[in-house]
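So the chains spell out like this:
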Amino acid sequence: GAGAGGVQGGRGKDDPAAFRMSLGIPTNARIYLCPQTLMKFNPDFDVPLGRILESDPDGFLVITYSTSQEVWRFQLEERFVESLGPASRRVRFMESVTPDKFVTLISLADVMIDPYPWGGGVTTLEALSVGTLVVTLPSKQSVVALAAGFYGHLGLDG
C-alpha cells in the first residue's frame, strides 16, 4: 500500500501537496478520510461511500490499514470494485502512520467519515481536536453513537 510520504508531525511541517502526491490525489481534490480498522467496513457502509464519491467527482476516499490487515485490504479492494464501480478508482489505501503523525493525517482531510455499524470514538475526538468535520449517521450505529454524542456535548447537534 501507499506510505504516508510527506506527512510530518506538527502542523507547521505539514506538506499537503506531498501527502496528496504520495497517494496519487490531485491538489484540488477533496479527501474523505476513514481511518478505521478494516473490520469496521460492513458491506452496508459501501452504499453511502459510493454516494459520496458519485456526488463529488473530485473526491477521494482514503482508508488507513495496518500491514497485518493485508488480506482484509485485498478483499475490501475487490468488494469496492463491485459495489462502487468506477468510483472505486478514487479509493486509496494507506498504511497506518505513527500516533504522532496520525493527528496530522486527520488534519489534512477535508472530511472524516464515521463508519457504521461500528463508529469511531477516540478517532472522532482527534478529528474534532483539529477542526476536521466528522460525518456520522447515528441512526445506523449498533453501538453507542459516540460521534453524535460528541457533537451534542459541543452544542453542535441538530
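Everything here concerns the structure above.
Conventions adopted
- Residues numbered from 1 in each chain as written.
- Predicted model: local features only at pLDDT ≥ 70, side-chain atom pairs only at ≥ 80, totals over all residues.
- Heavy atoms only, no water.
- Phe/Tyr/Trp six-rings, centres within 6.5 Å; stacked < 30°, edge-to-face > 60°.
- Helix = DSSP H or I, 4+ residues; strand = E, 2+ residues; numbered from the N terminus.
- Buried < 20%, exposed > 50% of the residue type's maximum accessible area, 1.4 Å probe, protein only.
- Salt bridge = Lys/Arg side-chain N within 4 Å of Asp/Glu carboxyl O.
- Core = buried A, V, L, I, M, F, W, Y, C linked by side-chain atoms within 4.5 Å.
- Contact = heavy atoms within 4.5 Å.
- Axes fitted to C-alpha atoms, helices over the stretch in contact; angles between N-to-C directions.
- Left-handed = near helix turned anticlockwise from the far one by under 90°.

## Quick word on the packing of aromatic side chains
(1) Moving on: The full count for this structure, using the stated rule, is three aromatic pairs.
(2) Moving on: With 6.4 Å between their ring centres and 25° between their planes, Phe 80 and Phe 93 make a pair best called stacked. Residue Phe 80 is found in helix α3 (residues 70-84), and its partner Phe 93 is found in strand β3 (residues 91-95); the two are separated by 13 residues along the sequence. Here the two residues Phe 80 and Phe 93 agree in accessibility, since each one is buried.
(3) Moving on: Members of the aromatic cluster, joined through ring pairs, are Tyr 65, Phe 80 and Phe 93.

## Topic: the pattern of salt bridges
(1) Moving on: Counted under the stated rule, the structure contains five salt bridges.
(2) Moving on: Note that Asp 56 is salt-bridged to Arg 30, the shortest N-O span being 2.7 Å. Of this pair, Asp 56 sits in the loop between α2 (46-55) and β2 (59-65) while Arg 30 sits in strand β1 (residues 30-34), and the two are 26 residues apart along the sequence.
(3) Moving on: Accessibility expressed as a relative area gives 6% for Asp 56, which makes it buried.
(4) Moving on: Put simply, Glu 70 and Arg 73 hold a salt bridge, and the shortest N to O gap is 2.7 Å.

## Focus: the nonpolar core
(1) Moving on: If you look at the biggest cluster of nonpolar residues, it comprises 19 residues, and the most contacted ones within it are Phe 41, Leu 61, Ile 63, Phe 80, Val 91 and Phe 93.
(2) Moving on: When residues of this core are traced back to their parent elements, those giving at least two are β1, α2, β2, α3, β3 and β4 (111-113).
(3) Moving on: Ignoring any residue separated from it by four or fewer positions in sequence, one finds Phe 80 in contact with Phe 41, Asp 46, Leu 49, Ile 63, Gly 85, Ser 88, Val 91 and Phe 93.
(4) Moving on: Counting 18 residues, the second largest nonpolar core, distinct from the first, contains Val 97, Leu 105, Ile 106 and Met 112.

## Remarks on helix α4 (residues 99-108)
Note on helix geometry: an α-helix contains 3.6 residues per turn, so any two residues three or four positions apart are oriented the same way.
(1) Moving on: Buried within α4 are the following residues: Phe 102, Thr 104, Leu 105, Ile 106, Ser 107 and Leu 108.
(2) Moving on: Along its buried surface, α4 packs onto α1 (16-22), β1, β2, β3, β4 and α5 (122-129).

## Points about the packing of α4 against α5
(1) Moving on: Running from amino to carboxyl end, α4 crosses α5 at an angle of 65°, the nearest separation of the two axes being 9 Å. In the crossing of α4 with α5, the sense of the turn from one axis to the other is right-handed. Here Phe 102, Val 103 and Ile 106 of α4 lie close against α5, whose contacting residues are Thr 123, Glu 126 and Ala 127.

Shape descriptors only; they carry no functional weight alone.
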